[in-house]
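# Structure assessment
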Amino acid sequence: MSKKIFYCNKINTLNPECPHAQAILVSDGRIEFLGTKQEVSDYAASYKKFQKIDEIDLGDGVLYPGFIDTHSHLSIYSNLLDKVYCAPSCGSIPAILQKLKEKAEQTPEGEWVIGYSFDDTGLPDGRHLNKHELNAISTKHPILVSHISSHMGYANDLALEKFSFNAQTKIPGGEVVVDEQGQTTGFLLETAYFECLNHLPAVSPEQQTANIKKAVHEYNKQGFTTVQDGGLGFGCNAQIVTQSYLELEREKQLNTRVYLQYVPDAYENLASFGLHNFGNDHVTIGGLKYFTDGSIQGFTGALLKDYYTRPGYKGKLLYPQEEIDAVIEKYHCMNVQIAVHTNGDAASEAVISAFEKALKKNPRTDLRHMLVHAQMVSDSQLERMKACGIIPTFFVKHVEVWGDRHAKIFIGPERMNRFDPCGSAVRLGLPFALHVDTPVLPVTALESMHVAVNRTSSGGVVYGEDQKITPRQALEAYTVNAALCCGGEHNRGCLKPGYFADFVLLSADLEKIPSAEIKNTQVLKTICGGEIVYEKN
């Protein structure tokens, strides 16, 4: 039996029974004992007579439970690492087109050129791409560029041809956009964009495994030891991705724990085998990921009141209420956890209402259903979520990245002041988590916590003073509360005997430094199952 002792001058356990420690004895990847250096040394004395115990001094820093990502798309992100990054940091649309052109010149004819993270309102040009610009790059390469929201994209004519999309194509819940002359523009919305992802070349099992291994390292660098990969089957082959995770786990090369959620079609392939909550310490088959609206910054989120600059327009649900009710009732009555994408308050209303109906048929409130994003929920909606046992995971970094644009373009300053209402959730006693929806934004926990605590936009405006939370509450959103979302509160989220030896060593105590310094805190080491999986140079 492998045993190690980790020493650190300050260990914040987030466990009220033993809030602080100086040493942790780890046995076969789990915490066996923790306390002061003397207490752990005395406890380990009997073991030392019979076996060698490795002793690891973590040096300066503060040790916390490993961070838990409650919503991202690690597998999709893994396949983008060698694609063209088209974010606002590129500077302009011409600069982005030049990057795509350079990629095309390096790519054999007939093969795909793919870009991601294009953000129209974040660029000086302030507009979407069109197929004519992409055709000018190449007519011999199919080109697809994804919007940063992951709810829309842009294709050239060759790509549209491969998708079998034309001006007459009709896709429920989506749109192949046409111009005034009735010609395709290359702009694809919602389910039309989702559908096109199924036509992209499949990643080989070997390449998928290698890609995931690289992506996991990026999560480790940010302190993550558990990741919920949301929506397998959306933009990836669910079977190949699942096999890749399992292969890495078998080879002891999966340096994080993953909790997998599947889109309905992919989940149905597993349901007959009864695999919900099936797995091991590193790979768990979770539940269902379901979409009900789009993105607010894409004007496809479903709102209860009009968009700020589009009077008379509220967006719409991707599916009729009856269909949402049926899906949620079906899986809730199967006792399957459902993580539902809702951005606008109309989408949240539709989903909360569906859960309330489903609970009348199966009155369980312990399945840990989630509202993913839930950015515009009201206090009354939060109260109803609490009654249903629904946990929100908020995309609070929106306040920093898109806050000024939300206030000026999408929802206006009044609604922006309660966007991602963490403070309201605290006051109502509703546990919540935080996420950044990678690859929508780069992997991070600390920057997300920073925004939740400070609520300051990139332009320096504070949106929602009463929605600020404390550093402790932000930490809990990535640890104790986040553990609930993967049914892991019995083995992760805080540090106590029997729990996984999953730690992150930070350069500072987040509860002792000025709140403005949280984002400057560094991850020094990440430890998963008692093994150091990342160490800052």
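All of these numbers come straight from a predicted model, not from anything done at the bench. (Residues numbered from 1 in each chain as written. Predicted model: local features only at pLDDT ≥ 70, side-chain atom pairs only at ≥ 80, totals over all residues. Heavy atoms only, no water.)

## Brief notes about the overall build of the protein chain
We apply this condition: Each helix is a run of DSSP H or I of at least 4 residues and each strand a run of E of at least 2, with the numbering of both proceeding from the N terminus. In this setup the radius of gyration rests on C-alpha atoms only. A globule is expected at 2.2 Å times the number of residues raised to 0.38. Each residue's exposure class comes from its accessible area (1.4 Å probe, protein chains only) as a fraction of the maximum for that residue type: buried when under 20%, exposed when over 50%, partly exposed otherwise. Two residues qualify as a contact provided that any one of their heavy atoms is within 4.5 Å of a heavy atom in the partner residue. When charges are counted, neither His nor the chain ends are considered; positive counts come from Lys and Arg and negative counts from Asp and Glu. A charged residue contributes its charge at one atom only: NZ of Lys, CZ of Arg, CG of Asp or CD of Glu.
Counting its regular elements, the protein chain contains 19 helices and 23 strands. Here the protein chain has a C-alpha radius of gyration of 23 Å; the compact-globule value for 537 residues is 24 Å, and the two agree. Summarising its shape, the C-alpha atoms of the protein chain cover approximately 85 × 55 × 50 Å along the three principal directions. The buried share among the 537 residues of the protein chain stands at 58%. For the protein chain, the share of sequence-separated contacts (at least 6 apart) that also reach a separation of at least 24 residues comes to 70%. Taking the 51 positively charged and 63 negatively charged side chains of the protein chain as two groups, their mean positions are separated by 2 Å.

## Regarding helix 12 (residues 379-388)
Because each turn of an α-helix spans 3.6 residues, side chains separated by three or four positions in sequence point in the same direction. What counts, and what does not: It is the directions from the helix axis to the C-beta atoms that the arc portrays.
The set of residues buried in helix 12 consists of Gln381, Leu382, Met385 and Cys388. Each buried residue of helix 12 lies within a common arc of 120° when the element is viewed along its axis, so the set occupies one face. Close packing links the buried residues of helix 12 with helix 11 (345-361), strand 18 (370-373), strand 19 (391-394) and helix 16 (422-428). Downstream of helix 12 by a residue or two, glycine 389 has a phi angle that is positive, lying close to 80°.

## Some thoughts on the packing of aromatic side chains
In plain terms, the rule: Any pair of Phe, Tyr and Trp rings, taking the six-membered ring for Trp, is counted once the centres come within 6.5 Å. Such a pair is stacked with planes under 30 degrees apart, edge-to-face with planes over 60 apart, and tilted for the rest.
A full pass over the atoms with the stated rule returns 24 aromatic pairs. Taking the centre distance of 5.3 Å and the plane angle of 40° together, the rings of phenylalanine 194 and phenylalanine 291 count as tilted. In this pair, phenylalanine 194 is assigned in helix 6 (residues 191-197) and phenylalanine 291 in strand 16 (residues 283-291), connecting sequence segments 97 residues apart. Phenylalanine 291 shares its class with phenylalanine 194; the two are buried. Residues tyrosine 290 and tyrosine 319 carry aromatic rings whose centres are separated by 5.8 Å and whose planes lie at 10° to one another, so their mutual orientation is stacked. Taken together, the residues tyrosine 290 in strand 16 and tyrosine 319 in the loop between strand 16 and helix 10 (321-333) connect sequence positions 29 residues apart.

## Some thoughts on the sheet that holds strand 10 (residues 152-155)
Selection rule: Any two strands between which DSSP finds at least two bridges are classified as paired.
The strand order 7-8-9-10-12-11 describes an open sheet built from six strands, whose pairing is mixed. Two strands close off the open sheet at either side, each with one partner strand: strand 7 (84-85) and strand 11 (174-178). Inspection of the sheet shows strand 8 (residues 113-118) paired to strand 9 (residues 143-147) by four bridges, in the parallel sense. The partner of glycine 115 across the bridge, within strand 9, is valine 145.

## Points about the pattern of salt bridges
If the charged atoms of two oppositely charged side chains come close together, the side chains can form a pair. We apply this condition: The working definition used for a salt bridge is a side-chain nitrogen of Lys or Arg within 4 Å of a carboxyl oxygen of Asp or Glu.
Enumeration over the complete set of coordinates arrives at 28 salt bridges. Of the charged contacts, one joins aspartate 157 and lysine 131 as a salt bridge, the two residues approaching to 3.0 Å between their closest N and O atoms. Taken together, the residues span a long stretch of sequence, with aspartate 157 in helix 5 (residues 157-163) and lysine 131 in helix 4 (residues 131-137) at a distance of 26 residues. With relative accessibility at 35%, the residue aspartate 157 sits in the partly exposed group. In this structure lysine 131 comes out as buried when scored by relative accessible area, which is 8%. Measuring nitrogen to oxygen at the nearest pair gives 2.9 Å for the salt bridge that ties glutamate 349 to arginine 384. Linking glutamate 349 in helix 11 with arginine 384 in helix 12, this pair joins segments that are 35 residues apart in sequence. Note on glutamate 349: relative accessible area 26%, which makes it partly exposed. Judged by relative accessible area, which is 24%, arginine 384 ranks as partly exposed. A cluster of three or more residues bridged by salt bridges with shared partners is formed by Glu349, Glu356 and Arg384.

## Brief notes about the environment of alanine 477
Within the secondary structure, alanine 477 is located in helix 18 (residues 471-477). As a C-alpha pair, alanine 477 and alanine 452 span 25 residues in sequence and 9.9 Å in three-dimensional space. Look past the residues within four positions of alanine 477 in its chain and what remains in contact with it is Phe432, Ala433, Leu434 and Ala482.

By themselves, these are just geometric observations and shouldn't be taken as functional.
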